[in-house]
Amino acid sequence: PVWTPSADGPKPGLYPRNEKLDQKISLYTGDITKLEIDAIVNAANNTLLGGGGVDGAIHRAAGPVLKKECASLHGCETGEAKITCGYGLPAKYVIHTVGPIAQGGVGEEQRKALRSCYDNSLKTATEKSARSVAFPCISTGIYGYPPEKAVHEALATVREYLDEHHDKLDRVIFCVFLPMDKELYMQNLPLYFPAA
Ligand code: AR6
């Protein structure tokens, strides 16, 4: 049977050390709009026209041209990802993904959608030859996904993607904003990226 991560974390030994990933994972605490890298991921909504939280911060820092390009994309389905330029941001690209709304609770649908956000964002990055990507904690703010569950989906999906495509990416940064999220990532990163 296929093991799926739960709030309790992965089965011991499921993610053994992969030395190819040792230099590729970072944890950064702070504002994602400050990162000078190839691509930052935005936790957007289906309209892609901006909002609060990290979405609001990214649009403010990028400037109004970002909204113009977003408006030409005709929205984005939950779990999908679309890419734009970074404009006034130090990052070259913004990858807009739409996390699941989880205020009604987390079921298989929300879990799958959250994993798709990470997976499709990484696919989109590699299609554009972006070699460094930063993720915020998608869906865990306004969309209400419990952070202690979301962390496992985030880490498992990135680990599984990098196991397959480690040659395509130099760095994946988990960008946390709240002290509680920093704690969660510090606790759980070694389970998915031993020795990284
Ligand atoms: N840099 C990094 N992380 C941040 C920043 C920042 N500048 N600001 C907030 N966060 P949220 P969601 C963290 O609510 O839950 C918008 O209105 C925040 O602490 O931004 O996916 C969209 O338009 C949290 O950990 O996104 C949608 O309507 C994480 O980013 C809706 O919110 C995500 O919180 C999406 O909700």
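The preceding data block contains the structure.
About the criteria used
Residues numbered from 1 in each chain as written. Predicted model: local features only at pLDDT ≥ 70, side-chain atom pairs only at ≥ 80, totals over all residues. Heavy atoms only, no water. Near = heavy atom within 4 Å. Polar contact = N/O pair within 3.5 Å; in protein donor to acceptor, adjacent residues only side chain to side chain. Areas by Shrake-Rupley, 256 points an atom, 1.4 Å probe, with all protein chains shown as cover. Helix = DSSP H or I, 4+ residues; strand = E, 2+ residues; numbered from the N terminus. Nonpolar A, V, L, I, M, F, W, Y, C, P; charged D, E, K, R; others polar. Pairing = 2+ DSSP bridges. Axes fitted to C-alpha atoms, helices over the stretch in contact; angles between N-to-C directions. Contact = heavy atoms within 4.5 Å. Buried < 20%, exposed > 50% of the residue type's maximum accessible area, 1.4 Å probe, protein only. Right-handed = clockwise from strand over helix to strand, strands pointing away. Patch = residues over 30% accessible without salt bridge, like charges linked within 9 Å, V, L, I, M, F, W, Y side chains within 5 Å. Salt bridge = Lys/Arg side-chain N within 4 Å of Asp/Glu carboxyl O. Expected span 1.5 Å × (residues − 1). Phe/Tyr/Trp six-rings, centres within 6.5 Å; stacked < 30°, edge-to-face > 60°.

**Focus: the site of the ligand**
Moving on, step 1. Lining the immediate surroundings of the ligand are 23 residues, of which Asn45, Gly52, Val54, Asp55 and Ile142 lie closest.
Moving on, step 2. Between the ligand and Ile32, the relevant distance is 3.0 Å, taken from a nitrogen atom to a main-chain nitrogen or oxygen of the residue.
Moving on, step 3. A distance of 2.8 Å is found between an oxygen atom of the ligand and a backbone nitrogen or oxygen belonging to Ser139.
Moving on, step 4. In isolation the ligand exposes 700 Å². Once the protein is present, 91% of that is buried.
Moving on, step 5. The element contributing the most residues to the shell around the ligand is helix 1 (residues 53-62), with four residues.
Moving on, step 6. Taken together, the residues of the shell around the ligand sort by class into 11 nonpolar, nine polar and three charged.

**Notes on the sheet that holds strand 5 (residues 132-135)**
Moving on, step 1. The six strands are arranged 1-6-5-2-4-3 in an open sheet whose pairing can be described as mixed. Looking along the sheet, the strands with just one partner apiece sit at the ends: strand 1 (25-29) and strand 3 (81-85). On average, adjacent strands in this sheet sit at an angle of 25° to one another, irrespective of strand direction.
Moving on, step 2. Of the strand pairs in this sheet, strand 5 and strand 6 (residues 171-176) are connected by four bridges, and their pairing is parallel. Bridge pairing in strand 6 places Val133 opposite Val172.
Moving on, step 3. Along the sheet, helix 1 contacts strand 2 (39-44) and strand 4 (93-98); its crossing angle with strand 2, the most-contacted strand, is approximately 130°.
Moving on, step 4. Packed onto the sheet, helix 5 (residues 179-192) meets strand 1 and strand 6 and runs at close to 160° relative to strand 1.

**Considering the pairing of strand 6**
Moving on, step 1. Among the six residues in strand 6, five count as buried, and that is most of the element.
Moving on, step 2. Note: strand 1 against strand 6, five bridges, orientation parallel. Paired with Ser26 across the strands is Ile173, a residue of strand 6.
Moving on, step 3. Remark: the strand 5/helix 4 (residues 147-165)/strand 6 crossover connection has right-handed handedness.

**Things to note about a nonpolar patch on the surface**
Moving on, step 1. Where nonpolar side chains cluster on the molecular surface, the patch consists of Phe177, Leu178 and Met180 and spans about 340 Å² of accessible area.
Moving on, step 2. Within the secondary structure, Leu178 is located in the loop between strand 6 and helix 5.
Moving on, step 3. Of the residues examined, Leu178 reaches a relative accessible area of 46% and is grouped as partly exposed.

**Considerations on helix 3 (residues 108-127)**
Moving on, step 1. Here helix 3 contains 20 residues, and its C-alpha end-to-end distance of 28 Å stays within 8% of the 28 Å for a straight helix at 1.5 Å per residue.
Moving on, step 2. Just downstream of helix 3 lies Ser129, where phi reads positive at about 60°.

**Let's talk about the packing of aromatic side chains**
Moving on, step 1. Applying the stated criterion across every chain, the model contains three aromatic pairs.
Moving on, step 2. Geometrically, the ring pair formed by Tyr15 and Tyr192 is tilted, given 5.0 Å between the ring centres and 40° between the ring planes. One end of the pair, Tyr15, is in the segment before strand 1; the other, Tyr192, is in helix 5, and 177 residues separate them in sequence. By the burial criterion, Tyr15 is buried, and Tyr192 matches it.
Moving on, step 3. A ring pair is formed by Phe174 and Tyr185, whose centres lie 5.5 Å apart and whose planes are at 35°; its orientation type is tilted. With Phe174 in strand 6 and Tyr185 in helix 5, this pair connects stretches of sequence that are 11 residues apart.
Moving on, step 4. You can call Phe174 buried: its relative accessible area is 1%.

**With respect to the pattern of salt bridges**
Moving on, step 1. As enumerated under the stated definition, the model contains eight salt bridges in all.
Moving on, step 2. For Glu108, the salt bridge goes to Arg111, with nearest N and O atoms at 3.1 Å. Here Arg111 and Glu108 lie together in helix 3, a separation of three residues that amounts to about one turn.
Moving on, step 3. Judged by relative accessible area, Glu108 falls into the partly exposed class, the value being 45%.
Moving on, step 4. When its relative accessible area of 13% is taken as the criterion, Arg111 is described as buried.
Moving on, step 5. Arg115 is the partner of Glu153 in a salt bridge, and the nearest nitrogen-oxygen pair spans 3.3 Å. Taken together, the residues span a long stretch of sequence, with Glu153 in helix 4 and Arg115 in helix 3 at a distance of 38 residues.
Moving on, step 6. On the basis of relative accessibility, which here comes to 3%, the residue Glu153 falls in the buried class.

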